[in-house]
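One letter stands for each residue in the lines below.
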Amino acid sequence: MEQNIKQLVRKLQVEFAMFYIIIAAFAAVYELNPAAQGIVVGNVMSEYVLETVSVLLTLAVVPLSLKLFSVMLLRHRSLAIEVKIRYYRMLSATRLLSLGIVTVFDLWIYYATLNNIGGFCALVCMVTALFCCPTRKRVCSELEVNER
């Protein structure tokens, strides 16, 4: 069991690092290619719709990724530890993936509209992901396993 938790924490840390690497690479592509920036600037209706979708998507995903994760963990509380570890990894990956998709979408809106709203929403998602940082202590407490 100790080895399973150690492997789980390591895999989650790699996924967490990849989250920020992908976001940094996406931002670097747009920063290094100024021709791709501002593709909807001047189209007021498109800017409004994209920024509204960005804010609403961020407002939906951030609380769900934090609260729904703990609710789903409570649902699987009575299972065997091996099954709980598998569910924990799946739920963590789902949470990080949903935050990642919304963050990349928000960054795209930031570069497409050249307005700060998309950047702010991406920053909110990135800070929210910091609350999901996998550590051994957190994994053991969420799986309700004694840490050794």
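**Q** What am I meant to see in the nonpolar core here?
**A** The tendency in soluble globular proteins is for nonpolar side chains to be buried as a group. The biggest cluster of nonpolar side chains holds 16 residues, and the ones touching the most others in it are F19, L99, L107, Y111, C125 and A129. Looking at this core, the elements with two or more residues in it are α1 (2-32), α2 (44-75), α3 (81-113) and α4 (116-130). Core analysis: the next-biggest nonpolar cluster, separate from the first, contains 14 residues, L8, F69, I85 and V139 among them.

**Q** Can you walk me through empty space enclosed by the protein in this structure?
**A** A probe matching the size of a water molecule, rolled over the atoms, marks out where space remains unfilled. Under the definition given, this model contains one cavity of 30 Å³ or more. Considering only enclosed or pocket space, the largest cavity measures out at about 110 Å³ in volume. Mapped by element, the contributors of at least two residues to the lining of the largest cavity are α1 and α3. No other element matches the five residues that α3 contributes to the lining of the largest cavity.

**Q** Please clarify how the pattern of salt bridges should be interpreted in this entry.
**A** A pair can form between side chains of opposite charge whenever their charged atoms are brought close. Counting across every chain of the model gives three salt bridges. A salt bridge links R136 to E2; its shortest N-O distance comes to 1.9 Å. With R136 in helix α5 (residues 136-142) and E2 in helix α1, the pair connects residues that are 134 residues apart, well separated along the chain. Put simply, E15 and R89 hold a salt bridge, and the shortest N to O gap is 2.8 Å. Of this pair, E15 sits in helix α1 while R89 is found in helix α3, placing the two residues 74 residues apart along the sequence.

**Q** Before we go on, may I ask you to explain unusual backbone geometry in this structure?
**A** Glycine aside, the phi torsion of most residues is negative, and most peptide linkages are trans. Residue L114 is not a glycine yet carries a positive backbone phi of 55°. You can see L114 is positioned in the loop between α3 and α4. Note on L114: relative accessible area 51%, which makes it exposed. For E144, which is not a glycine, the phi torsion comes out positive at approximately 55°. Structurally, E144 is set in the segment after α5. Assessed through its relative accessible area of 45%, E144 is described here as partly exposed.

**Q** Sorry, what's going on with a nonpolar patch on the surface here?
**A** Where nonpolar side chains cluster on the molecular surface, the patch consists of M45, Y48, V49, V53 and L57 and spans about 480 Å² of accessible area. Assignment of secondary structure puts L57 in helix α2.

**Q** Where do I start with the packing of α1 against α4 in this structure?
**A** For any two helices packed against each other, one specifies the crossing angle of their axes together with the interaxial distance. One way to put it is that α1 packs onto α4 with a least axis distance of 11 Å and a crossing angle of 165°. The angle between the axes of α1 and α4 places the two elements in the roughly antiparallel class. Along this stretch, α1 crosses α4, giving a crossing that reads as left-handed. Within the contact between the two elements, α1 uses F16, F19, Y20 and I23 and α4 uses M126, A129 and L130. Looking at side-chain class alone, the contact of α1 with α4 contains seven nonpolar, no polar and no charged residues.

**Q** Help me understand the environment of S46, please; the structure alone is not making it clear to me.
**A** Looking at the secondary structure, you find S46 in helix α2. Of the residues examined, S46 reaches a relative accessible area of 26% and is grouped as partly exposed. Along the backbone, S46 and T113 are 67 residues apart, and their C-alpha atoms lie at a distance of 8.8 Å.

What counts as what
- Counting of residues starts from 1 at the beginning of each chain's written sequence and follows it residue by residue.
- In view of the model being predicted, local features appear only for residues whose pLDDT reaches at least 70, and side-chain atom pairs are presented and counted only at 80 or more, with totals across whole chains, interfaces and linings using the full set of residues.
- For side-chain calculations, the full set of non-hydrogen atoms in the structure is used, while hydrogens and water are omitted.
- Here the nonpolar core consists of buried residues drawn from Ala, Val, Leu, Ile, Met, Phe, Trp, Tyr and Cys, with membership extended through side-chain atoms lying within 4.5 Å.
- The rule is simple: take the accessible area with a 1.4 Å probe, protein chains only, and divide by the maximum for that residue type; under 20% is buried, over 50% is exposed, in between is partly exposed.
- Helical segments are the DSSP runs of H or I of at least four residues, strand segments are the runs of E of at least two, and each set is numbered from the N terminus.
- A 1.4 Å probe that fits into a set of points on a 1 Å grid over the protein atoms alone but cannot get out defines a cavity; an open set with protein on both sides within 12 Å along at least five of seven lines defines a pocket, and lining residues are those with an atom within 4 Å of a point.
- Grid points are joined across faces, edges and corners, and a volume is the space filled by probe spheres set on the points.
- Note on definitions: salt bridges are taken to be side-chain nitrogens of Lys or Arg within 4 Å of carboxyl oxygens of Asp or Glu.
- Here a patch means residues that are over 30% exposed by relative accessible area and free of salt bridges, tied together within 9 Å if like-charged and within 5 Å if nonpolar (Val, Leu, Ile, Met, Phe, Trp, Tyr).
- Areas reported as accessible are Shrake-Rupley estimates using a 1.4 Å probe. Residue values count occlusion only from the protein chains shown.
- For every element, the axis is a line fit to its C-alpha atoms; helices are fit only across the contacting stretch, and the angle between N-to-C directions ranges from 0 to 180 degrees.
- Between 65 and 115 degrees an angle is taken as roughly perpendicular, under 35 as roughly parallel, over 145 as roughly antiparallel, and anywhere else as oblique.
- In this scheme the handedness of a crossing depends on how the near helix is turned from the far one: anticlockwise by less than a right angle means left-handed, clockwise means right-handed.
- By the convention used here, residues are in contact when the closest approach between their heavy atoms is within 4.5 Å.
- Polar here means any residue outside two lists: the nonpolar Ala, Val, Leu, Ile, Met, Phe, Trp, Tyr, Cys and Pro, and the charged Asp, Glu, Lys and Arg; Gly therefore counts as polar.

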